[in-house]
Amino acid sequence: MRILVTGSKGFIGKNLVMELKNQGYEHIYEYDIGSTDEDLEEFTRKADFVFHLAGVNRPKSNKDFMKINFGLTDTLLSKLKKHRNNCPIMISSSIQATQDNPYGKSKKAGEDLLKSYSKKSNAKVLIYRFPNVFGKWCRPNYNSVVATFSYNIANGLPIKVNDKDTILSLIYIDDILFELIKVLEGKENKVKDYCYVQPVYQVRLGELADLLYSFKNYRKTREIPSLNNDFIKKLYSNYLSYLPSDEFSYNLEMNMDERGSFTEFIKTLDCGQISVNISKPGIVKGNHWHHSKTEKFLIVSGKGIVRFRKVDEKKIHVYYATGEKLEDIVVPPGYTHNIENLGDEDMVTIIWANEKFDPDNPDTYFLEV
């Protein structure tokens, strides 16, 4: 299939072109600023499908809304008509198409033009009225509050919240891509004249700002947000895409002594924490037990032994493990336990605990195995 993408260097267009390539589509015609009229002639003659994503959100003059948003659509359809190419066309409109403003009027005019074209040519048209879209590669300080807030907060710049109770309707870029790939298979979501993308998230402006600030603070606390919330999971990925490239890494606090080190790596709000334990040769760590806390040990380098004893029994249970054959060792509550490095080099163990460490309630009691 030969696919024409107008606005191919824009936010949605760039993401779509990359996903089309991921899906194995090889013949993608990219039309954007810098493309020529000759390019559009060739593309509209050959295309088997058109994703019409080109347009403007903040032109120099309000007159340019109609000139570009409507005008480019008119030019595109004229060239398809000239080449008698009745291929399907998807157009990205806006929920503002119902509003009485220059941008909304230009989008509605484009929709009406496309509907008229479809009736005359029998070409399949797919009109999507997108709400606010967020995700990677969206341009900050342009027309997306999510992109602007994400970029500014990630880069230590101030944001302005005019009305914290303003309700935003948001869709995630990857959900759009999933829908548009389905469109190529004729499996679009459609009700009457319009197609739609799911899910749409409703969020208050103040809540959006609070979430993004919490993401920034997580770097200090070594936490990550609750990822069982679909919107928060997507917003967090979006936020990370705006980090400055010299802040992709940051130092962790290593608690070091003569035995080795212990470093907290990740803390979660609902799934405990992950730490890295390094033990010197011959060193034994542990000899404690927990009422409720459970752990998992994974030796990823070196070789060692993990010993368990139920606190009210004498029998010792022994498990040998090595980084050459990864093995998940569960530490149940009520068992005192220790871990010993049996090798000649440092032993590295990844430890998961079902709860974050609470210094006020450590639930850790010394007892020799």
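Please refer to the structure higher up on the page.
These figures come from a predicted structure and were not determined experimentally.

Draft legend 1. Just the packing of helix α5 (residues 145-154) against helix α8 (residues 230-240), in detail. Following both chains from N to C, one finds α5 and α8 inclined at 55°, their axes separated by 9 Å at the closest point. Compared by their axis directions, α5 and α8 come out oblique. Read as a crossing pair, α5 and α8 show a hand that is right-handed. Where α5 abuts α8, its residues Val146, Ser150, Ile153 and Ala154 lie against Leu235, Asn238 and Tyr239.

Draft legend 2. Inspection of α5 at higher detail. With eight of 10 residues buried, α5 lies mostly within the body of the structure. Along α5, the residues classified as buried are Val146, Ala147, Thr148, Phe149, Ser150, Asn152, Ile153 and Ala154. Those residues of α5 hidden inside the fold are in contact with β6 (132-134), β7 (167-172), α7 (205-221) and α8. A positive phi of about 70° marks Gly156, the residue just after α5.

Draft legend 3. Focus on the sheet that holds β6. Read across the sheet, three strands follow the order β6-β7-β10 without closing on themselves; strand pairing throughout is mixed. Edge positions in the sheet fall to β6 and β10 (201-204), since each has one partner strand and no second. Here the strands of the sheet are splayed against their neighbours by 45° on average, with no regard to which way each runs. Note that β7 and β10 share four bridges and pair antiparallel. Among the inter-strand pairings, Ile167 is bridged to a residue of β10, identified as Arg204. Of the strands in this sheet, β6, β7 and β10 are in contact with helix α6 (residues 173-183), which crosses β7 at around 50°.

Reading the values: the criteria
- Residues numbered from 1 in each chain as written.
- Predicted model: local features only at pLDDT ≥ 70, side-chain atom pairs only at ≥ 80, totals over all residues.
- Heavy atoms only, no water.
- Axes fitted to C-alpha atoms, helices over the stretch in contact; angles between N-to-C directions.
- Helix = DSSP H or I, 4+ residues; strand = E, 2+ residues; numbered from the N terminus.
- Parallel < 35°, antiparallel > 145°, perpendicular 65-115°, else oblique.
- Left-handed = near helix turned anticlockwise from the far one by under 90°.
- Contact = heavy atoms within 4.5 Å.
- Buried < 20%, exposed > 50% of the residue type's maximum accessible area, 1.4 Å probe, protein only.
- Pairing = 2+ DSSP bridges.

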